[in-house]
Amino acid sequence: MQHFLVLGGGISGVEAAIKLRKKGYQVTLISNRDYLFVYPISIWIPVKGISFDNSKIDLRKLQKKHGFELLIDSVQKIDAEQKIVTTKNGEYTYDYLFIALGMGKVSSNGLENTLSICGNPEQAVSIGEELDKLVGQGKGKIAVGFGGNPKDAKGSAVRGGPAFELLFNISTYLRKKGVLDNFELNFFAPMAEPGKKMGKKALNSLGKFFKHYKINQYVGKKIIEFNKGEVLFENNEKLESDLIVYISGGDGHPVIKASGLPLSEAGFIRTLPTCQVEGFPEIYAIGDSADIIGPPWAAKQGHMAEIMADVAAYNAHQQIIGSGKTKSYVDKVSIICIMDSGDGAALISRTTKKESMIMLPIVGHWLKKTWGFYYKNSKLNRIPRIPGM
Ligand SMILES: Cc1cc2nc3c(=O)[nH]c(=O)nc-3n(C[C@H](O)[C@H](O)[C@H](O)COP(=O)(O)OP(=O)(O)OC[C@H]3O[C@@H](n4cnc5c(N)ncnc54)[C@H](O)[C@@H]3O)c2cc1C
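Residues numbered from 1 in each chain as written. Predicted model: local features only at pLDDT ≥ 70, side-chain atom pairs only at ≥ 80, totals over all residues. Heavy atoms only, no water.

Brief notes about the site of the ligand
Quick reminder of the rule: Throughout, near means a residue has at least one heavy atom within 4 Å of the molecule or strand. Here a polar contact means two N or O atoms within 3.5 Å. Within protein one must be a hydrogen donor candidate and the other an acceptor candidate, and residues neighboring in sequence count only if both atoms are side-chain atoms. Numbered from the N terminus, helices here are DSSP runs of H or I no shorter than four residues, and strands are runs of E no shorter than two. Ten residue types, Ala, Val, Leu, Ile, Met, Phe, Trp, Tyr, Cys and Pro, are classed as nonpolar, four, Asp, Glu, Lys and Arg, as charged, and the remainder, Gly among them, as polar.
Lining the immediate surroundings of the ligand are 30 residues, of which Ser12, Asn32, Val75, His253 and Asp288 lie closest. Contact between the ligand and valine 75: a nitrogen atom at 2.8 Å from a main-chain N or O atom of the residue. Histidine 303 places a polar main-chain atom, nitrogen or oxygen, 3.5 Å from an oxygen atom of the ligand. Considering every element that reaches the shell around the ligand, the biggest residue donor is helix H7 (residues 302-321), with three residues. The residue makeup of the shell around the ligand, split by class, is ten nonpolar, 14 polar and six charged.

Shown next as structure tokens:
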């Protein structure tokens, strides 16, 4: 029986473990958290639209349902030549390795003066606490922004969507509390056209969103550092803020950067379209850890993480049975995003053939809520899975 080691218990790692178990393989999943954090719905934690507990799935419950072995441990080293993975508490060998560790983040001066909605999950709760302190004071200045990674020429590791969603949701939250007019909401980003990846239609509409949700924009300004209570841009320009939420550009995961595997300049694992790591046919890299192959606007997203997991599990199985068949994820690269604002949403999609943006009123918000319900419960086999989702 071939043994698969899956590193990472996020969207891609769990999907791969489930698919490999369905094919009957022995699977061990190693995760440093005992839960899968469903990042796409975590944007509602700060505005109390969802609790922290409801934004996660207990990995032990997933283990029971799908029968993989689970180790809650931190991966420290991958030795691809010797086929050994070292964790804080042990060493593990494998026949096939799936790397699904997500990504690291670009460091900036003064990051400790910011909170992030895309990093350590608990920070989503801290953002909510800081927000409520300001609501209690009846006024405040809030800045939410994101950055890129200069080494990531593709720009695939820019995570802008959650910044927009968080700001729109904060605006809706403050409006419902009756204090929006006493708040200053600011968006900042160093690039001239943040959100460009979503396509022209979405980019053109962002301005209308900002106006509707009473958000000022500070874009195209290089960020020098974050100080307590201010964002410092080039030319000594300052943005005062009682609460700064900053999403750093994505960077290679530190364990992966030290692994000796082939990497992009930014530290993402270079693979073939089959998700096999270049030069290592028994190692697959999936989700945010992989250097995505595709059009210039390709982005690291949850649905791509699931597609890659599915493609990789299929290919590994075909490799084992020696069928010679393979699947590629590259023709499936797309952007699909329900950009939520708490009182509605925009359904954004981009493929190589077309791009679209559909404005949805409150039904859009509930569409994303329904997706969250479906995602969690279908993984636990409580409701049937829709093929292809
Ligand atoms: C706030 C937010 C909102 C988002 N919204 C959307 C959206 O609306 N639509 C969409 O498609 N995508 C969205 N995304 C992107 C999506 O969540 C990611 O692309 C997806 O989570 C990637 O899955 P992954 O498995 O590759 O990485 P992750 O989900 O990050 O999982 C990585 C896993 O590895 C584990 N890990 C890390 N280091 C170690 C270690 N050393 N040892 C052991 N385990 C380790 C982590 O605990 C984690 O469980 C959003 C992301 C964020 C942050």
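Some points on the side chain of threonine 274
Going by this rule: Exposure classes here rest on a 1.4 Å probe applied to the protein chains alone. A residue is buried below 20% of its type maximum, exposed above 50%, and partly exposed in between. Between two residues, a contact is recorded if the distance between any of their heavy atoms is within 4.5 Å.
Structurally, threonine 274 can be placed in the loop between helix H6 (254-257) and strand E19 (276-277). Assessed through its relative accessible area of 11%, threonine 274 is described here as buried. There is a polar contact of 2.8 Å between the side chain of threonine 274 and the side chain of glutamine 276. In contact with threonine 274, not counting residues within four places along its chain, are Tyr284, Val311, Ala312, Asn315, Thr326 and Lys327.

Focus on the pairing of strand E14 (residues 223-227)
Put simply, the rule reads: Pairing between strands is defined by DSSP: at least two bridges between the two strands are required.
As paired elements, E14 and strand E15 (residues 230-233) share four bridges and run antiparallel to each other. The residue bridging asparagine 227 from the neighbouring strand is glutamate 230, located in E15. Counting the residues that bridge the hairpin from E14 to E15 gives two residues, and of these glycine 229 lies at a positive phi of roughly 80°.

Focus: the domain arrangement of the chain
As a reminder of what qualifies: Bear in mind that the domain bounds are from an automatic or database domain assignment. Values labelled buried area give the accessible surface lost by two parts on being combined, using a 1.4 Å probe and summing over both.
Partitioning the chain into structural domains gives domain 1 (3-103 + 252-332) and domain 2 (107-249). With 26 residues of domain 1 at the interface, the matching set in domain 2 holds 25 residues. Counting each side, the surface lost to burial between domain 1 and domain 2 is near 2,100 Å², with a carbon and sulfur contribution of 58%. Summed over the three residues of domain 1 that lose the most area to domain 2, namely Ile43, Pro46 and Val47, the buried surface amounts to 28% of that side.

Quick look at helix H1 (residues 11-22)
We count it as follows: By definition here, a helix of n residues has an expected span of 1.5 Å times n minus one.
Between its first and last C-alpha, H1 extends 17 Å over twelve residues, near the 16 Å set by a 1.5 Å rise per residue. Taken across its twelve residues, H1 has ten buried, putting it largely inside the fold. Here H1 has its buried residues at Ile11, Ser12, Gly13, Val14, Glu15, Ala16, Ala17, Ile18, Lys19 and Leu20. At the exit of H1 stands glycine 24, carrying a positive phi of roughly 95°.

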